[in-house]
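Observations on the three-dimensional arrangement
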Amino acid sequence: MSIAVAMARHIFGLKQGVSGNICYHDEQTIVYPSGANCILYNIDQKSQKFIAGTPGSEGMTALTVSPNRRYVAIAEKGEKPVITIYDLHSLRKRKVLSSSEFVKSTEYVSLAFSPDSKYLVAQGGKPDYTLLYWTWEKSKVMAVQKTSNPNTNAPVYQVCISYWYYFRFSDFFIVWTA
């Protein structure tokens, strides 16, 4: 007796409340969250590929595609929030980043890759709004900074990385908006 297995062929909808929730992988492919999945939709072929969410997570909170268009970083909410980096060509998991020793929050509210796709900035949510700067391929946190104003504790919604190439060293500035 064989066991029937249900396989998703098409998933409808867009999950709201996810930072960076629509990205381009290439000229024909859009990357977006739907339910507990990340969808790669080819607009020419009208076909979908799926990246399933992490079992036990409370859902995606942020999403970003690397500037070289090879990787997608997905942040998921949970008791210990995680960021998972996937290779967009093979759809295989490359790294899982967790930093419970630095972040008190249960979620990351924004993600951004560096222009060379080697680093990742992750903005934690309330109560502490901690910003992490990762060398993601080594799973190493390079810098940690609380980003909210301690007097107002205003929320932080978005982060990005901007390099200044006229410096002799590869100095970087992290820009956040509240």
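Up top is the structure.
All of the points below concern the structure found in this document. (Residues numbered from 1 in each chain as written. Predicted model: local features only at pLDDT ≥ 70, side-chain atom pairs only at ≥ 80, totals over all residues. Heavy atoms only, no water.)

Notes on the sheet that holds strand β4 (residues 47–52)
Backbone hydrogen bonds are what pair the strands of a sheet, in a parallel or an antiparallel way. Taken in spatial order, the four strands of this open sheet run β1-β2-β3-β4, and their pairing is antiparallel. This sheet does not close on itself; its edge strands, each paired only once, are β1 (23–24) and β4. Pairing between strand β2 (residues 29–34) and strand β3 (residues 37–42): six bridges, direction antiparallel. The partner of Pro 33 across the bridge, within β3, is Cys 38. (Pairing = 2+ DSSP bridges. Helix = DSSP H or I, 4+ residues; strand = E, 2+ residues; numbered from the N terminus.)

Some remarks on the pairing of strand β9 (residues 108–113)
For β9, the buried fraction is high: six of the six residues fall into the buried class. In this sheet, strand β10 (residues 119–124) lies alongside β9 in antiparallel orientation, the contact comprising five bridges. Looking across to β10, one finds that Phe 113 is bridged to Leu 120. As consecutive antiparallel partners, β9 and β10 are separated by five residues, and within that stretch Ser 117 has a phi angle of approximately 65°, a positive value. (Buried < 20%, exposed > 50% of the residue type's maximum accessible area, 1.4 Å probe, protein only.)

A short note on the pattern of salt bridges
Applying the stated rule across the entire model yields two salt bridges. Here Arg 70 and Asp 87 are joined by a salt bridge, their closest N and O atoms 3.2 Å apart. Taken as a pair, Arg 70 in the loop between β5 (60–65) and β6 (71–76) and Asp 87 in strand β7 (residues 82–87) lie far apart in primary sequence, 17 residues in all. Accessibility expressed as a relative area gives 6% for Asp 87, which makes it buried. A salt bridge links Lys 146 to Asp 128; the shortest N-O distance between them is 3.8 Å. A residue pair is termed long-range when its members are at least 10 positions apart, and Lys 146 in strand β12 (residues 140–146) and Asp 128 in the loop between β10 and β11 (130–135) qualify at 18 residues. The exposure class of Lys 146 is partly exposed, given its relative accessible area of 48%. Asp 128 gets classed as buried once you look at its relative accessible area, which sits at 6%. (Salt bridge = Lys/Arg side-chain N within 4 Å of Asp/Glu carboxyl O.)

Distances and angles like these do not, on their own, reveal function.
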